[in-house]
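Residues per chain are reported as follows:
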Amino acid sequence: MAPGSSTSTAPTTVIVPTSSVWAHLVQLWHYRELLVALVRKELKVKYKNSTLGFFWTTLNPMLTLCVYFFVFSVLLGNGIPRFPVWLLCGLLVWNLFSNSMVSATGSITGNGSLVNKVAFPREILPLASVGANLVHFFFQAIVLLGALIAFQRSVAVEYIWLIVPAMLVVLVLAGALSVFLSAINVYARDTQHLLELVVMVWFWLTPIVYPWAQVATKLKENGMPSWLTLLNPITSIVITFQRAIYAQPTYTTTSTGADGVKVVTVNQLLPLEGPWWYLRNLSIVGLVAVVLFIGALRFFTRVEGNFAEEI
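What you see is a predicted model; the values in this text were computed from it and never measured.

A. Quick look at a nonpolar patch on the surface. A cluster of nonpolar side chains, contributed by Leu194, Leu197, Val198, Met200, Val201, Trp204 and Leu205, occupies part of the molecular surface with about 690 Å² of accessible area. Mapped onto the fold, Met200 is located in helix α8 (residues 191-204). For Met200, a relative accessible area of 48% puts it in the partly exposed group.

B. Fine view of the confidence of the model for the protein chain. Model confidence for the protein chain is summarised by a mean pLDDT of 84, while 87% of its residues fall at 70 or above. Contacts for the low-pLDDT stretch residues 1-18, under 50 throughout, to residues beyond four places or in other chains number six contacts.

C. Here's a closer look at the packing of aromatic side chains. By the definition in use, this model includes twelve aromatic pairs. Aromatic side chains Tyr159 and Tyr278 sit 5.8 Å apart centroid to centroid with 90° between the ring planes, which places their arrangement in the edge-to-face category. With Tyr159 in the loop between α6 (124-150) and α7 (163-187) and Tyr278 in helix α11 (residues 275-303), this residue pair connects regions lying 119 residues apart in the sequence. Across the pair, Tyr278 and Tyr159 agree in class, each one buried. Here Trp161 and Trp276 contribute two aromatic rings whose centre-to-centre distance is 5.5 Å and whose plane-to-plane angle is 55°, an arrangement assigned as tilted. Here Trp161, found in the loop between α6 and α7, pairs with Trp276, found in helix α11; they are 115 residues apart in sequence, far enough to count as distant. Members of the aromatic cluster, joined through ring pairs, are Trp94, Phe97, Trp202, Phe203 and Trp204. The ring of Phe120 has Arg122 lying over it, and the distance from NZ or CZ to the ring centre is 4.9 Å. Seen from the ring of Tyr159, Arg243 lies directly overhead, with NZ or CZ sitting 4.0 Å from the centre.

Cut-off values and rules
Residues numbered from 1 in each chain as written. Predicted model: local features only at pLDDT ≥ 70, side-chain atom pairs only at ≥ 80, totals over all residues. Heavy atoms only, no water. Patch = residues over 30% accessible without salt bridge, like charges linked within 9 Å, V, L, I, M, F, W, Y side chains within 5 Å. Areas by Shrake-Rupley, 256 points an atom, 1.4 Å probe, with all protein chains shown as cover. Salt bridge = Lys/Arg side-chain N within 4 Å of Asp/Glu carboxyl O. Helix = DSSP H or I, 4+ residues; strand = E, 2+ residues; numbered from the N terminus. Buried < 20%, exposed > 50% of the residue type's maximum accessible area, 1.4 Å probe, protein only. pLDDT = per-residue confidence, 0-100. Contact = heavy atoms within 4.5 Å. Phe/Tyr/Trp six-rings, centres within 6.5 Å; stacked < 30°, edge-to-face > 60°. Lys NZ or Arg CZ within 6 Å of the ring centre and 35° of its normal.

Quick look at the structure:
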């Protein structure tokens, strides 16, 4: 090469080979101890130097319960008997789902030094956020148990077993969206802020503070089928928890007519269907969640090769 000539280095593209989903799952299983360690780390960091510690986990749903009870039962008078139990059945599921997504979205960018220095499946970071919020769920369930005791409510025995598949479905769905959003957030940092708005809207589209039957009735009045409410995947999970734990699909109210005759009205809260109807809906959402989880893993594998440059 002649003296003084300049050379330019062409940019190289690094192609990260993708592995099968099964191999991916096997790898995650091999690193399960790291997943548990990261869950513990996230819990310790959150409550580090906190006097009340894990009590804050139960304090949050209690304060939310007080606010919603005052607004919807005292001020608006929704008429739902034992409203705290009703609210907590849906609120605990929603907190697990939404908090998992929100905290997992920034899990990759928030652990840049770990991502750049240590070799491990990066999907563990968002999944650790889901695991930490699962621990919070069990602590918050103490508040629900206290409400059941205080209001002397018994669960629906023939429906209570549905809690297990409902929990599995919400965890898979939360894991799928958490893995996907954590990867997107590396390249588009506005994802985390946009998600907060989406979560707020999504909450009010889910029958948590109002009954499912209220929306279903409105749809029927406008000539639309009630199953449209189930297009929201969280709805099937929430109403399953409500049917199993709240255990009261209807309630009655008594009013006095113009002629002085007492009128008893039956108000519907939840679908008047058997356990298999709820299980069918959970199965549909579960199948969608599994497909989303597989897709999220594939997407994560394709884009993680440039994480180090973007963080």
